[in-house]
Structure formats: C-alpha cells, structure tokens
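# Report on the structure
What follows is the residue order along each chain.
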Amino acid sequence: MDATVKRPIDPGQTLDGRFQIIRLLGKGGVGEVFEVLDLGTHRRRALKVLQHQFTTDLTTVEEFKREAAARGIADNHPAIIDVFTIGVLGDGRPFILMELLGGEDFEKFSSKLPGHRLPLNEAIAAVLVAADAVGAAHEKGLLHCDLKPSNIFRIGPEDYRVLDFGMARLLGTLTPDTGGTPAFSAPEQWIPYGQRTPRTDVFG
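The numbering scheme is per chain: residues are counted from 1 as the chain's sequence reads. It should be noted that, the model being predicted, local features are given only for residues of pLDDT at least 70 and side-chain atom pairs only at 80 or more, the latter also being counted only at that level, while totals for whole chains, interfaces and linings use all residues. Calculated side-chain values reflect all of the structure's heavy atoms, with hydrogen atoms and water omitted.

## Some details on the nonpolar core
Core analysis: the largest hydrophobic core is formed by 18 residues, its most contacted members being Phe106, Leu142, Tyr160, Val162 and Phe165. What counts as a helix is a DSSP run of H or I of at least four residues, what counts as a strand is a run of E of at least two, and both are numbered from the N terminus. Mapped by element, the contributors of at least two residues to this core are helix 2 (106-111), helix 3 (120-139) and strand 11 (159-162). With six residues, the single largest contributor to this core is helix 3. Side-chain atoms within 4.5 Å are what join buried Ala, Val, Leu, Ile, Met, Phe, Trp, Tyr and Cys residues into a set we call a nonpolar core. Accessible area is worked out with a 1.4 Å probe on protein chains only. A residue is then buried under 20% of its type maximum, exposed over 50%, and partly exposed in between.

## Some remarks on a nonpolar patch on the surface
Within the patch definition used here, like charges are joined within 9 Å and nonpolar side chains (Val, Leu, Ile, Met, Phe, Trp, Tyr) within 5 Å, considering only residues with over 30% relative accessible area and no salt bridge. The accessible surface values rely on the Shrake-Rupley method and a 1.4 Å probe; as for residues, cover is taken only from the protein chains in view. The term salt bridge refers to a side-chain nitrogen of Lys or Arg lying within 4 Å of a carboxyl oxygen of Asp or Glu. Taken together, the side chains of Leu120, Ile124 and Leu128 make up a nonpolar region of the molecular surface, amounting to roughly 330 Å² of accessible area. Relative accessible area serves as the criterion here: at 65%, Leu120 is assigned to the exposed category.

## As for the packing of aromatic side chains
Ring pairs (aromatic) are described by centroid distance and by the angle formed between their planes. Planes of paired rings set the category: under 30 degrees apart is stacked, over 60 is edge-to-face and the rest tilted, where pairs are Phe, Tyr or Trp rings (Trp by its six-membered ring) whose centres lie within 6.5 Å. Taken as a whole, this structure holds three aromatic pairs when the rule is applied. Ring geometry for Phe19 against Phe95: centres 5.3 Å apart, planes inclined by 70°, an arrangement best described as edge-to-face. With Phe19 in strand 3 (residues 19-27) and Phe95 in strand 7 (residues 94-99), the pair connects residues that are 76 residues apart, well separated along the chain. A relative accessible area of 0% means that Phe19 is categorised as buried. One aromatic cluster in this structure is built from Phe106, Phe109 and Tyr160. Here the guanidinium or amino end of Arg45 rests over the ring plane of Phe84, the centre of that ring lying 3.9 Å away. Sitting over a ring, as applied to charges here, requires NZ of Lys or CZ of Arg to be within 6 Å of the ring centre and within 35 degrees of the ring normal. The ring centre of Phe109 lies 4.0 Å from the NZ or CZ of Arg154, which sits over that ring.

## Digging into the pattern of salt bridges
One pass over the structure, following the stated rule, counts seven salt bridges. Put simply, Lys148 and Asp146 hold a salt bridge, and the shortest N to O gap is 3.7 Å. Residue classification places Lys148 among the buried positions, given a relative accessible area of 18%. The buried category is assigned to Asp146, whose relative accessible area is 8%. Three or more residues are tied together by salt bridges with common partners; here these are Arg23, Glu35 and Arg44.

## Re the pairing of strand 6 (residues 83-88)
As defined by bridge partners, strand 6 adjoins strand 7 across five bridges and the pair is classed as antiparallel. Paired with Ile86 across the strands is Ile96, a residue of strand 7. Note on pairing: DSSP must find at least two bridges between two strands before they are called paired.

## Points about the sheet that holds strand 10 (residues 152-156)
Strands in a sheet are paired, the pairing made by backbone hydrogen bonds, and the direction either parallel or antiparallel. Strand order in the open sheet formed by three strands is 8-10-11, and the pairing between neighbours is antiparallel. Both edges of this open sheet fall to strand 8 (104-105) and strand 11, since each of them pairs with a single strand only. Note that strand 10 and strand 11 share four bridges and pair antiparallel. Its bridge partner lying in strand 11, Ile152 is registered against Val162. Contacts from helix 3 reach strand 10 and strand 11, with the element oriented near 45° to strand 11. Any two residues whose heavy atoms approach within 4.5 Å are treated as being in contact. Lines are fitted to the C-alpha atoms to define the axes, a helix being fitted only along its stretch in contact, and any angle between axes, read from their N-to-C directions, falls within 0 to 180 degrees.

## Comments concerning the pairing of strand 5 (residues 43-50)
The buried fraction of strand 5 is high, at six of eight residues. As defined by bridge partners, strand 4 (residues 31-38) adjoins strand 5 across eight bridges and the pair is classed as antiparallel. Bridge pairing links Asp38 to Arg43 in strand 5. Joining the antiparallel neighbours strand 4 and strand 5 is a turn of four residues, in which His42 adopts a positive phi near 60°.

## Section: the environment of Pro192
For Pro192, the location among the structural elements is in the loop between strand 12 (169-170) and helix 4 (198-203). The sequence separation of Pro192 and Ile155 amounts to 37 residues, and the corresponding C-alpha distance is 37 Å.

## As for the environment of Ile152
Residue position: Ile152 is located in strand 10. Spatially, the C-alpha atom of Ile152 lies 9.0 Å from that of Val127, the residues being 25 residues apart in sequence. Setting aside chain neighbours within four positions, we find Ile152 in contact with Asp105, Phe106, Ala130, Tyr160 and Arg161.

Below is the structure:
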C-alpha cells in the first residue's frame, strides 16, 4: 500500500513510496521510531517520525528539526548513531532515517539485572564511551543536554551508542526554554537563559 498515512502507522504500510513499515520499535513523548525497509537501498533502517498531532506545534516541530540537525553535526563519531536522511513526509511530519541498532538501552538492560545494577566494569566502559562521544560533539560546538541511561544504547559488551539529541544545544546559545530529565539535568538547564557548557553533559 502506498498512501499518505496519518495515524496510526501499522506494519505493512508504505510511507511516501519509500519506507515500508516492519514494526514499531519505540514511542516517546512526541516521536515514534519504526523499523523500516528503505525501498531505495533495500536495507533495514530506523525511522523516527513526529507524531501527527504535534505537526501544528511549531515549538515541537523546531525541536524535532533541531535533533535532526544536531545528529548531522555529531554523527562523525562511531558511538553516535549514523543519520542517512532527514526530511518531511507527504503528510507534513518531519522524519529522521537512521541506522538500525540491535540491542536495548541501558535503562531496559539494567532493569533485568539483580538489583537493577550494572556490573561495575560495564558501567565504567559505557560511561567512557559516552564521554568520548559527547566530547567529540563538544569539539563541533554541540551539547547533548540529556545524557541518561535510556539514551545510551547497548549493542553488546563494550559496544554502545549515544542516542536522542532532541535536547541538544549549540555551545554558547542562550535560550529562554528550560527542561530535561530531572534526575540527570544540571541546575543551569532549569534557569531561563542558563549558561550551558560541556560541564552540563558531565553532570548527566
């Protein structure tokens, strides 16, 4: 089937004649991530799409576009997920086409472990990879601003990726908006026009 699909997006549907939906991988506050077959390359990818009800919310649309742009700046590091295409579907929803990863984020992974705690050696390894990845982003002038277990993806031992640049900011940019994930957000993220620096990511 090839049609302009609004909601819901179901397995088997084809979006814009380009992306055949295989399954839903996850759903966040404003976006959905699907495993898709890219009909142009015949490869399986991850497609993140803004949920239809948010397409008229200009602030949310801009944040989604900012995530796409941030990924484009930061994706030169092996621990930052590759982005292949960004664009807008025929029904007006922006999308990001990314590499498809096998595994799960650290929040889900640790929830299955005794006491919900990671082994120390793996926790250290993951933090070192994440620090190196965001350090590379900092060198490009980009702050992640939302480092937390659910945004570090575990493919296997010593193989990790940093996800979700939806809260990313350019270094030195002062904006009136505040927010983040309270347990992992630096104090300056809750101050309008707060000065966010690389230490903001270190705090996370």
